[in-house]
Amino acid sequence: MANTKWQIDAAHSHVTFTVKHMMISKVRGSFGKFNAEVEADPEDLSSASLKFTIDVNSIDTDSEDRDNHLRSADFFDTENHPEITFVSTSIQPDGDDEYKVTGDLTIKGETKSVTLEAEYEGRAKNPWGQEVVAFSVDGKINRKDFGLTWNQALETGGVLVGEDVKIHLDLEATEEQPQTEEAEEESLES
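Residues numbered from 1 in each chain as written. Predicted model: local features only at pLDDT ≥ 70, side-chain atom pairs only at ≥ 80, totals over all residues. Heavy atoms only, no water.

Draft legend 1. Molecular detail of the packing of aromatic side chains. Tallying each qualifying case throughout the model produces four aromatic pairs. Both rings, one in Phe17 and one in Phe31, keep their centres 5.5 Å apart while their planes meet at 40°; by these two values the pair is tilted. Pair noted here: Phe17 is in strand E2 (residues 14–21) and Phe31 is in strand E3 (residues 25–31), with a separation of 14 residues, a long-range link. Of the two residues, Phe17 and Phe31, neither departs from the other in class, the shared state being buried. (Phe/Tyr/Trp six-rings, centres within 6.5 Å; stacked < 30°, edge-to-face > 60°. Helix = DSSP H or I, 4+ residues; strand = E, 2+ residues; numbered from the N terminus. Buried < 20%, exposed > 50% of the residue type's maximum accessible area, 1.4 Å probe, protein only.)

Structure (structure tokens):
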């Protein structure tokens, strides 16, 4: 099968992260707005291309005060850097339905090459006859590598916010349907 374009189904996809708090517990968060440009053959991802974009203002950690602090210049500085992007540079098989996805991750204007672990969860047809695929993706980054250096020392030793951030994505995508000439003409007329 040749590479085809896929549209991320945001209603059935999730972008989440976990970071240590006070060195003993975890804070979990998510981003509610994201999109992707994907061209892939789900049966062989080695030739796929992926550009993933996250709206940083959509961060949600179940605390409005913390979310506002994360949007501030202390962390993401969303006024100047409203998006996080990931652009794949290499996708290598790593076992049955597993892949190492390497790409350029840009956060707060800093771009670093990172490798994420992806698992192909399967393929099905939805009730409307469209092809649907699903993937789970995991990785870990050091937030300081991306200029997210704010922290506060604790009285008992250690720091308030951990450096390592674990990333998890559950992604469902629907194959884009090629436009007919009639649909293209209607699109141009509107």
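After presenting the structure, the write-up continues.
Draft legend 2. Broad picture of unusual backbone geometry. Its identity as a non-glycine residue notwithstanding, Asp62 has a phi of 65°, on the positive side. Note that Asp62 resides in the loop between strand E6 (59–60) and helix H1 (64–71). Judged by its relative accessible area of 74%, Asp62 is exposed. Although it is not a glycine, Asp97 sits at a positive phi angle of roughly 60°. Its place among the elements puts Asp97 in the loop between strand E7 (83–93) and strand E8 (98–107). A residue is classified by how much of its surface remains accessible, and Asp97, at 41% relative accessible area, is partly exposed.

Draft legend 3. Here's a closer look at the pairing of strand E11 (residues 161–175). Here three bridges tie strand E1 (residues 4–8) to E11, and the two strands are oriented antiparallel to one another. Paired with Gln7 across the strands is Thr174, a residue of E11. Pairing of strand E10 (residues 131–142) with E11, which is carried by eleven bridges, proceeds in the antiparallel orientation. Bridging across to E11, Ala134 finds its partner in Glu172. (Pairing = 2+ DSSP bridges.)

Draft legend 4. Quick look at the pairing of E10. Pairing analysis gives eight bridges linking strand E9 (residues 110–125) to E10, with the strands arranged antiparallel. When the sheet's bridge partners are listed, Arg123 is paired in E10 with Val133. Between the antiparallel neighbours E9 and E10 lie five residues, among them Gly129 with a positive phi of about 85°.

Draft legend 5. Spatial organisation of the pattern of salt bridges. What the rule picks out here adds up to five salt bridges. Via salt bridges that share partners, Asp94, Lys100 and Glu117 belong to a single interconnected network. (Salt bridge = Lys/Arg side-chain N within 4 Å of Asp/Glu carboxyl O.)

Draft legend 6. Summary view of the nonpolar core. One finds Phe31, Phe52, Phe76, Ile84, Leu105, Ile107 and Ile141 to be the most contacted residues of the largest nonpolar core, which totals 43 residues. With six residues, E11 is the single largest residue contributor to this core. Once residues lying within four places of it in the same chain are set aside, the contact partners of Ile107 are Phe76, Ile84, Ile141, Phe146 and Leu148. (Core = buried A, V, L, I, M, F, W, Y, C linked by side-chain atoms within 4.5 Å. Contact = heavy atoms within 4.5 Å.)

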